[in-house]
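Below are the chains, spelled out letter by letter.
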Amino acid sequence: MTTNPLVAPSVAATIGRVSEFGVLPVVELGAVKQAQPLFEALSAGGLPAAEVTLRTPAGLEALRLLAEAYPEGFIGAGTVRSAEDAARVIDAGARFVVSPGTDPDIVRLCCEREVLVMPGTCTPTEVQAALRAGASLLKFFPAEASGGVAFLKALAGPFADVRFVPTGGVNAGNLASYLALPQVAACGGSWMVAPRLLAEGDFAQVQALAAQAVAIVAEARSHG
Ligand code: 3PG
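Here the structure is a predicted model, which is why all the values come from computation and not from measurement. (Residues numbered from 1 in each chain as written. Predicted model: local features only at pLDDT ≥ 70, side-chain atom pairs only at ≥ 80, totals over all residues. Heavy atoms only, no water.)

### Here's the deal with the overall build of the protein chain
In step 1: Looking only at helices and strands, the protein chain has ten helices and eight strands in total.
In step 2: In terms of overall dimensions, the protein chain is globule-like: its C-alpha atoms have a radius of gyration of 16 Å, near the 17 Å expected for 224 residues.
In step 3: The principal-axis extent of the C-alpha atoms belonging to the protein chain is close to 45 × 40 × 30 Å.
In step 4: Taken over 224 residues, the protein chain has a buried fraction of 50%.
In step 5: Across the protein chain, every contact between residues at least 6 apart in sequence was considered, and the portion connecting residues at least 24 apart equals 58%.
In step 6: A total of about 9500 Å² of accessible surface is found on the protein chain, and carbon and sulfur atoms cover 54% of it.
In step 7: Each charge class in the protein chain was averaged separately, 15 positive and 20 negative side chains, and the resulting centres sit 3 Å apart. (Helix = DSSP H or I, 4+ residues; strand = E, 2+ residues; numbered from the N terminus. Rg over C-alpha atoms; globule rule 2.2 N^0.38 Å. Buried < 20%, exposed > 50% of the residue type's maximum accessible area, 1.4 Å probe, protein only. Contact = heavy atoms within 4.5 Å. Areas by Shrake-Rupley, 256 points an atom, 1.4 Å probe, with all protein chains shown as cover. Lys, Arg positive; Asp, Glu negative; His and termini not counted. Charge placed at Lys NZ, Arg CZ, Asp CG, Glu CD.)

Laid out in structure tokens, this is it:
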């Protein structure tokens, strides 16, 4: 992947880590106490990465706890819907910030703080707005509902230099088809960390699904 020379070195390094992982678990935590066993399970499955969403009251505190407990882990924040929340999650230790939509204030704040931001896009107009605001890696959301692989292929004409992280409806069955596209850096998804698994404490299943996702990424990359 080519890297824009205007991208801060710390952001470029984080983009590199996103690509290396190839898949980012999107986590919705019902309680802070789920955070550590969850991250242990993901790590045991070979995937020490988590996008901790602010969808629940536990999100911010869990993010802070994980960032402190696992400095080598790759822990960021999701469902960040305001610049104020972006500042909060960066202060809590987020290595990356994911937003469902494209808010130039969020993008600018993250660029100023030299933290990778992945704003959500699902139209060419949003892609242009996100790039104009300074983003260098874009979430494609909701991926499946917006046209999935076919839509990304259509974007490759005018946006051949833009890299995406499709999220929303991605699972073990279609992950490889996204990773086969040159403009896909990684995919996000909640299938290996479904809230039901966390509520039931089924961390063995989280580990197994994480290991399966890692294997799919490895297999997809072996063709690239
Ligand atoms: C997100 O916010 O990124 C999505 O809710 C994740 O989508 P999924 O639950 O379909 O994986």
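Still more ground to cover, so stick around.
### Here we look at the layout of surface pockets
In step 1: The computed volume of the second largest pocket comes to approximately 160 Å³.
In step 2: If you trace the second largest pocket, you find 14 residues lining it, with V26, R55, T167, G189 and S190 closest to the centre.
In step 3: Counted by class, the lining of the second largest pocket contains six nonpolar, five polar and three charged residues. (1 Å grid on protein atoms, 1.4 Å probe; cavity = no way out; pocket = protein on both sides within 12 Å on 5 of 7 lines; lining within 4 Å. Points joined across faces, edges and corners; volume = space filled by probe spheres on them. Nonpolar A, V, L, I, M, F, W, Y, C, P; charged D, E, K, R; others polar.)

### Some words on the site of the ligand
In step 1: Close to the ligand lie R55, K139, F141, T167, G168, G169, G189 and S190.
In step 2: At 2.6 Å from an oxygen atom of the ligand is found a side-chain nitrogen or oxygen belonging to S190.
In step 3: Notes on the ligand: free accessible area 310 Å², of which the protein chains cover 79%.
In step 4: Of all the cavities here, the one that holds the ligand is the second largest pocket.
In step 5: Each residue belonging to the shell around the ligand can be placed in one class, and the counts come to one nonpolar, five polar and two charged. (Near = heavy atom within 4 Å. Polar contact = N/O pair within 3.5 Å; in protein donor to acceptor, adjacent residues only side chain to side chain. Sits in = over half its atoms within 2 Å of the grid points.)

### Structural notes on unusual backbone geometry
In step 1: Residues F141 and P142 are joined by a peptide bond in cis, for which omega reads -10 degrees.
In step 2: Turning to its location among the elements, P142 is positioned in the loop between β6 (138-140) and α7 (148-155).
In step 3: Although it is not a glycine, E114 adopts a positive phi angle of roughly 55 degrees.
In step 4: Structurally, E114 can be placed in the loop between α5 (104-112) and β5 (116-121).
In step 5: For E114, a relative accessible area of 43% puts it in the partly exposed group.

### Let's talk about the packing of aromatic side chains
In step 1: Overall, the coordinates contain four aromatic pairs when judged by the stated rule.
In step 2: Seen from their ring centres, F74 and F96 are 4.9 Å apart, and the 40 degrees between their planes marks the pair as tilted. One end of the pair, F74, is in strand β3 (residues 74-78); the other, F96, is in strand β4 (residues 96-99), with 22 residues separating them in the sequence.
In step 3: Under the relative-accessibility criterion, F74 is labelled buried at 1%.
In step 4: For F96, a relative accessible area of 0% gives the class buried.
In step 5: Ring geometry for F140 versus F151: centroids 5.3 Å apart, planes at 10 degrees, classification stacked. Remark: F151 occurs in helix α7 and F140 occurs in strand β6; sequence separation between them is eleven residues.
In step 6: Given the relative accessible area of 1%, F140 is considered buried.
In step 7: Through a chain of ring-to-ring contacts, three or more aromatic side chains come together here, namely F21, F74 and F96.
In step 8: Positioned above the aromatic ring of F141, the side-chain terminus of K139 is 4.4 Å from the ring centre. (Phe/Tyr/Trp six-rings, centres within 6.5 Å; stacked < 30°, edge-to-face > 60°. Lys NZ or Arg CZ within 6 Å of the ring centre and 35° of its normal.)

### A few points about the nonpolar core
In step 1: Within the largest apolar cluster, 80 residues are counted, with the highest numbers of intra-cluster contacts made by V18, L38, V97, M118 and V206.
In step 2: Looking at this core element by element, the count peaks at eight residues for helix α10 (residues 203-222). (Core = buried A, V, L, I, M, F, W, Y, C linked by side-chain atoms within 4.5 Å.)

### Here's the deal with the environment of P48
In step 1: For P48, the position within the fold is in the loop between α2 (35-44) and β2 (49-53).
In step 2: Of the residues examined, P48 reaches a relative accessible area of 27% and is grouped as partly exposed.
In step 3: Through-space distance from the C-alpha of P48 to that of G201 is 18 Å; in sequence the pair is 153 residues apart.
In step 4: In this view, P48 contacts F21, F39, L42, S43, G73 and F74; residues no more than four positions away in its chain are not counted.

Geometric values such as these leave the question of function open.
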